[in-house]
Amino acid sequence: MSEENNQEIVISPLDVVQQEINRLKSDLDAEQVRVRSYRDDLFKLRESVHQFFTDAFDSSYEDATINLTDVNELLLSIGASQLEQEFEGRVTISYSFTVKAEDEDNAREKVESAVSGMEYNFDAGNDDSYSEESIEVEF
């Protein structure tokens, strides 16, 4: 073996410190770019909100005309969740049936019992509600 192949690579403590300084400078530059981007986004959000209210108020700045659609458009434009309304509805399901029973009251009981035990595949969602109001049987 020659002496050239056995040379040790020596890194001085100053080289290690300089490498760390360079890495930290690079990290700092990347964070400054990220912060500038957030700052620019914040200025855009402020301008959007300011413009929204400028458009909504009349010239005297005493009364505003704001509707849910406009508010939701603003919220969507700034990346926020839109406001939701509650809607109430009713679903009517009709069944035709034939049942054998001793009399009409017994037939009504059989049908009501069968219908009340049915499973409904209704997903009311997280904040929504559902209730069964009535079962009506006609003969």
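Analysis parameters
Residues numbered from 1 in each chain as written. Predicted model: local features only at pLDDT ≥ 70, side-chain atom pairs only at ≥ 80, totals over all residues. Heavy atoms only, no water. Patch = residues over 30% accessible without salt bridge, like charges linked within 9 Å, V, L, I, M, F, W, Y side chains within 5 Å. Areas by Shrake-Rupley, 256 points an atom, 1.4 Å probe, with all protein chains shown as cover. Salt bridge = Lys/Arg side-chain N within 4 Å of Asp/Glu carboxyl O. Lys, Arg positive; Asp, Glu negative; His and termini not counted. Charge placed at Lys NZ, Arg CZ, Asp CG, Glu CD. Helix = DSSP H or I, 4+ residues; strand = E, 2+ residues; numbered from the N terminus. Phe/Tyr/Trp six-rings, centres within 6.5 Å; stacked < 30°, edge-to-face > 60°. Buried < 20%, exposed > 50% of the residue type's maximum accessible area, 1.4 Å probe, protein only. Axes fitted to C-alpha atoms, helices over the stretch in contact; angles between N-to-C directions. Parallel < 35°, antiparallel > 145°, perpendicular 65-115°, else oblique. Left-handed = near helix turned anticlockwise from the far one by under 90°. Contact = heavy atoms within 4.5 Å.

A.B. asks: Which residues make up a negative patch on the surface, and what are the values?
C.D. replies: Together, Glu102, Asp103, Asp105, Glu109 and Glu112 line one region of the surface with negative charge. By the secondary structure assignment, glutamate 112 is in helix α3 (residues 104-116).

A.B. asks: Report on the packing of aromatic side chains, specifying residues and quantitative values.
C.D. replies: By the definition in use, this model includes one aromatic pair. With centroids separated by 5.0 Å and ring planes inclined at 85°, the aromatic side chains of phenylalanine 52 and phenylalanine 53 adopt a geometry described as edge-to-face. Given a relative accessible area of 36%, phenylalanine 53 falls into the partly exposed group.

A.B. asks: Before we move on, can you summarise the packing of helix α1 (residues 13-56) against helix α2 (residues 68-77) with the specific residues and values?
C.D. replies: It is the contact of α1 with α2, at a shortest axis distance of 10 Å, that shows an interaxial angle of 165°. Of the possible angle classes, the one that applies to α1 and α2 is roughly antiparallel. Here the hand of the crossing between α1 and α2 comes out right-handed. Of the residues in α2, those in contact with Ser48, Val49 and Phe52 of α1 are Asp70, Val71 and Leu74.

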